[in-house]
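Architecture at a glance
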Amino acid sequence: MTTSSALFDPAQVDLLAGVHGEGGPKSLFIDGEWKAARNGETRTIVCPADGSVVAEVSEASEDDTVDAIKAARRTFDEGVWSSVPAIERGKLLVRVADAIRDNKDLFAAAESADTGKRYEESQADMDDIAGAFDYFGTLASHHAGRVVDPADENIRSRVDAEPVGVCGLITPWNYPLLQVSWKVAPAIAAGNSFVLKQAELTPHTAMMLMAVLRDAGLPAGVANLITGAGANCGNPLSQHPDVDMVSFTGGLETGKIIAKNAAETVKRTALELGGKNPNVIFADCDFDTAVDNALNGAFFHSGQVCSAGSRIIVEESLHDKFVDALVERTNRIKIGGPKDSKAETGPLISEGQRDKVAKYVDRAREQGAKILTGGRAATAEDTHGQHGTGETDLGAGIYYLPTIIDGATQDMECVHDEAFGPVVTVETFTTEEDAIRIGNDTIYGLAGAVWTNDAGKAERVVRGLRHGTIWINDFHPYLPQAEWGGYKQSGNGRELGPTGLEEYQEHKHVFRNLTPTKWDQFGLQED
Ligand code: NAD
């Protein structure tokens with residue numbers, strides 16, 4: 001098997017020149033320079049596919065974070081980027097998109113080394129990331145404000161779109177650079193300065209992006225990167241008075257902490273949180289396609305996807321046939337490392353994440369659900385078993401077997417809590433109303449799907465489901481042109497689409513009177 005060091009060696013990467021050398025890593029990008037953490041602390045990044053060491057990176061503290069915030073504040077207040085015409089800002093984003101495409105294999109190798117995900121998936125992510133920069137690059141100059149009809153010929157009225165200021169961007173490890181791109185691209189398209197806190201387990205592609213932004217001509221201090229743990233770096237970003245906005249993607253509990261922190265200085269917040277996404281399957285669906293997509297919805301990237309189809313809600317009359325087909329295919333899923341030629345899905349990100357998934361499945365068992373297949377961590381013995389490829393030592397990495405939980409009901413924790421792993425529950429319904437009710441019976445509202453060949457029925461279910469994205473006869477695709485985000489406790493605000501740019505803009509109404517007149521109301525009375 002190819003280890004992470006054979007896949008990606010950060011010390012040999014031109015984009016990271018200056019990071020590695022004597023005196024330990026300098027992986028914080030502050031004010032246009034690579035810096036070590038002030039207290040000299042480092043963190044070892046390990047590839048979860050095989051346990052190999054990827055690199056040492058700097059572990060930032062609160063002090064480093066404040067340094068980065070100050071650099072961002074200074075550059076914003078000096079106007080070195082915000083005063084650049086929007087059309088020029090857009091062109092820089094397009095150059096960034098091109099550079100990511102030019103370095104696609106290198107970026108993909110870095111992403112796979114940090115996350116353990118299949119190399120082909122990382123490559124596809126890079127295409128999407130370049131697409132996000134292209135989209136916001138094009139949108140930048142077309143979304144600079146609007147003229148308002150004041151219904152009065154003596155008045156001119158317009159709304160100027162201006163940057164919000166200094167943005168704190170906090171992102172998760174499951175799609176490291178993709179989640180970063182959904183924030184960084186609109187933030188700089190709108191003329192902001194930012195401090196990015198990438199997830200501490202997966203820093204390399206964010207580091208490489210900093211070099212690409214610098215090389216594309218972004219002034220020093222506009223883009224700043226902190227690599228370090230949540231509370232140390234995340235708290236200052238959500239609390240410091242010099243930060244105007246915090247945009248966060250991650251778990252619900254962290255989102256609540258950030259929202260509370262940000263309230264102290266009334267920062268703008270954008271929160272992209274978890275999901276418990278219903279995949280509603282009617283008996284009149286295209287059976288084979290629905291089964292195939294249900295597997296994709298549940299097990300793609302080992303279920304570590306916020307929009308994973310983690311709840312299959314199938315019409316009762318189809319249940320047995322559907323579940324039999326699902327189990328039969330699941331039993332043949334192959335798991336392995338990034339360059340494993342036979343692997344269909346990969347590892348979980350960390351031991352902690354695998355423990356969380358195991359506890360979730362154990363609790364489902366205790367509450368009376370049936371584990372039809374999987375239900376345990378993979379071990380070295382599985383390397384040559386039904387899920388092994390023979391190429392990847394499943395005992396060396398962090399793997400969990402694809403798991404189907406049948407007989408789940410709404411009173412069980414497994415249908416409400418996010419597992420964020422390769423686990424799917426199956427519930428049944430009998431009527432359209434029932435399907436909608438079960439689909440909505442969650443605190444989350446991120447995404448869902450409906451499978452039927454009856455267009456009217458599909459549209460009725462779409463109208464009923466309170467989730468931010470609904471797929472009809474599909475699962476997972478998204479478009480940079482279309483808004484992404486959650487209803488209910490899946491968050492607030494939207495990424496992507498025009499709204500994804502507006503999140504990073506203030507809107508200033510400019511009202512101009514062409515024929516100024518007096519009011520003659522105040523202070524004119526004789527004593
Ligand atoms: P997490 O909340 O543990 O961490 C996310 C980020 O927040 C990391 O960078 C982490 O270091 C940071 N953080 C942790 N504590 C913090 C604090 N006190 N203050 C500020 N920042 C802090 O989430 P995770 O485990 O990295 O990611 C998985 C979660 O992300 C899942 O719940 C998933 O659904 C969600 N997610 C949502 C979307 C979406 O688009 N809605 C996309 C991807 C992931």
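Residues numbered from 1 in each chain as written. Predicted model: local features only at pLDDT ≥ 70, side-chain atom pairs only at ≥ 80, totals over all residues. Heavy atoms only, no water.

Helix and strand counts for the protein come out as 15 helices and 20 strands. Since a compact globule built from 527 residues should have a radius of gyration of about 24 Å, the 25 Å found for the protein is in line with a globular shape. Dimensions of the protein, computed from C-alpha atoms along their principal axes, come out at roughly 90 × 65 × 40 Å. Every one of the 527 residues in the protein was classed for burial, and the buried ones make up 57%. Within the protein, counting contacts between residues at least 6 apart in sequence, those at least 24 apart form 74% of the total. Charge separation in the protein, taken as the distance between the mean sites of 49 positive and 79 negative side-chain charges, equals 2 Å. (Helix = DSSP H or I, 4+ residues; strand = E, 2+ residues; numbered from the N terminus. Rg over C-alpha atoms; globule rule 2.2 N^0.38 Å. Buried < 20%, exposed > 50% of the residue type's maximum accessible area, 1.4 Å probe, protein only. Contact = heavy atoms within 4.5 Å. Lys, Arg positive; Asp, Glu negative; His and termini not counted. Charge placed at Lys NZ, Arg CZ, Asp CG, Glu CD.)

Among the 28 residues in the neighbourhood of the ligand, the closest are listed as T171, E200, T254, L273 and E418. Between an oxygen atom of the ligand and a side-chain N or O atom of W173, the distance comes to 3.0 Å. If the ligand stood free it would expose 850 Å²; the protein chains cover 89% of that surface. Secondary-structure elements contributing two or more residues to the shell around the ligand are α8 (230–239), β10 (245–249) and α9 (252–263). Ranked by the residues each element gives to the shell around the ligand, the list is headed by α8, at 4 residues. (Near = heavy atom within 4 Å. Polar contact = N/O pair within 3.5 Å; in protein donor to acceptor, adjacent residues only side chain to side chain. Areas by Shrake-Rupley, 256 points an atom, 1.4 Å probe, with all protein chains shown as cover.)

The strand order across the open sheet built from 3 strands is β5-β6-β20, with neighbouring strands paired in antiparallel fashion. Each edge of the sheet is formed by a strand with only one pairing partner; in this case those strands are β5 (145–148) and β20 (505–513). Averaged over neighbouring strand pairs, the angle between their axes works out to 15° when direction is ignored. Inspection of the sheet shows strand β6 (residues 155–163) paired to β20 by 9 bridges, in the antiparallel sense. Residue pairing across strands places D160 opposite K508, the latter belonging to β20. (Pairing = 2+ DSSP bridges. Axes fitted to C-alpha atoms, helices over the stretch in contact; angles between N-to-C directions.)

Moving on, we get to the UniProt feature "active site" (unreviewed entry) in the protein. UniProt annotation of "active site" (unreviewed entry) refers to E272 when read in the numbering used here. Since its relative accessible area comes to 5%, E272 is described here as buried. If we ignore the near neighbours within four places in the chain, the residues touching E272 are F248, T249, G250, W484, G485, G486, S490, G493, R494 and E495. (UniProt positions renumbered as here; feature names shortened; annotations may be inferred.)

Quick look at α9 now. The terminal C-alpha atoms of α9, which comprises 12 residues, lie 16 Å apart, in line with the 16 Å expected from a rise of 1.5 Å per residue. For α9, the complete set of buried residues consists of L252, G255, I258, N261 and A262. Buried residues along α9 sit in contact with β7 (166–170), α8, β10 and β11 (268–272). (Expected span 1.5 Å × (residues − 1).)

A few words now on the packing of α8 against α9. Running from amino to carboxyl end, α8 crosses α9 at an angle of 40°, the nearest separation of the two axes being 7 Å. Considering their axes alone, α8 and α9 lie oblique with respect to each other. Across the interface between the two elements, N235, S238 and Q239 from α8 touch I257, I258, N261 and A262 from α9. Of the residues contributing to the contact of α8 with α9, the split by class is 3 nonpolar, 4 polar and no charged. (Parallel < 35°, antiparallel > 145°, perpendicular 65-115°, else oblique. Nonpolar A, V, L, I, M, F, W, Y, C, P; charged D, E, K, R; others polar.)

For the rest of this paragraph, the subject is unusual backbone geometry. Positive phi is not limited to glycine here, since F420 has a value of about 55°. Looking at the element boundaries, F420 is found in the loop between β15 (403–406) and β16 (423–429). Positive phi values are uncommon outside glycine, yet D520 reaches one of about 50°. Mapped onto the secondary structure, D520 falls in the segment after β20.

For the structure on display, the rule yields 8 aromatic pairs. Residues W173 and F420 carry aromatic rings whose centres are separated by 5.5 Å and whose planes lie at 75° to one another, so their mutual orientation is edge-to-face. On the criterion of sequence distance, the pair formed by W173 in the loop between β7 and α6 (176–189) and F420 in the loop between β15 and β16 is long-range, its members being 247 residues apart. On the basis of relative accessible area, W173 is assigned to the buried category, the value being 17%. Judged by relative accessible area, which is 14%, F420 ranks as buried. Put simply, the rings of W182, Y478 and W484 pair up and form one aromatic cluster. In this structure, K321 packs its charged tip against the face of F287, placed 4.3 Å from the ring centre. Directly above the ring of Y119 sits K339, whose terminal nitrogen or CZ lies 4.0 Å from the centroid. (Phe/Tyr/Trp six-rings, centres within 6.5 Å; stacked < 30°, edge-to-face > 60°. Lys NZ or Arg CZ within 6 Å of the ring centre and 35° of its normal.)

In contact at an axis separation of 9 Å, helix α13 (residues 432–440) and helix α14 (residues 455–464) are set at 35° when each is read in the N-to-C sense. Every pair of crossing elements has a handedness; the one defined by α13 and α14 is right-handed. Contacts between α13 and α14 pair E432, I436 and N440 from the former with K457, R460, V461 and G464 from the latter. The class makeup of the residues in the contact of α13 with α14 is 2 nonpolar, 2 polar and 3 charged. (Left-handed = near helix turned anticlockwise from the far one by under 90°.)

With that out of the way, let us pick up the pairing of β11. Note that β10 and β11 share 5 bridges and pair parallel. Pairing of M245 across the sheet is with R268, part of β11. In this view, the connection linking β10 to its parallel neighbour β11 by way of α9 has right-handed handedness. As paired strands, β11 and strand β19 (residues 491–492) are joined by 2 bridges and run antiparallel to one another. Paired with L271 across the bridge in β19 is N492. (Right-handed = clockwise from strand over helix to strand, strands pointing away.)

Glancing now at the sheet that holds strand β13 (residues 311–315). A sheet is described by the order of its strands in space; here 7 strands give the open sequence β14-β15-β16-β13-β12-β17-β18, paired in mixed fashion. Here the strands that pair on one side only, and so sit at the sheet edges, are β14 (370–373) and β18 (469–472). For this sheet, the mean angle separating the axes of adjacent strands, direction not counted, is 25°. Note: β14 against β15, 3 bridges, orientation antiparallel. In the strand pairing of β15, I371 is matched with I405. Sitting on the sheet, α14 is in contact with β17 (447–451) and β18, with an inclination near 170° to β18.

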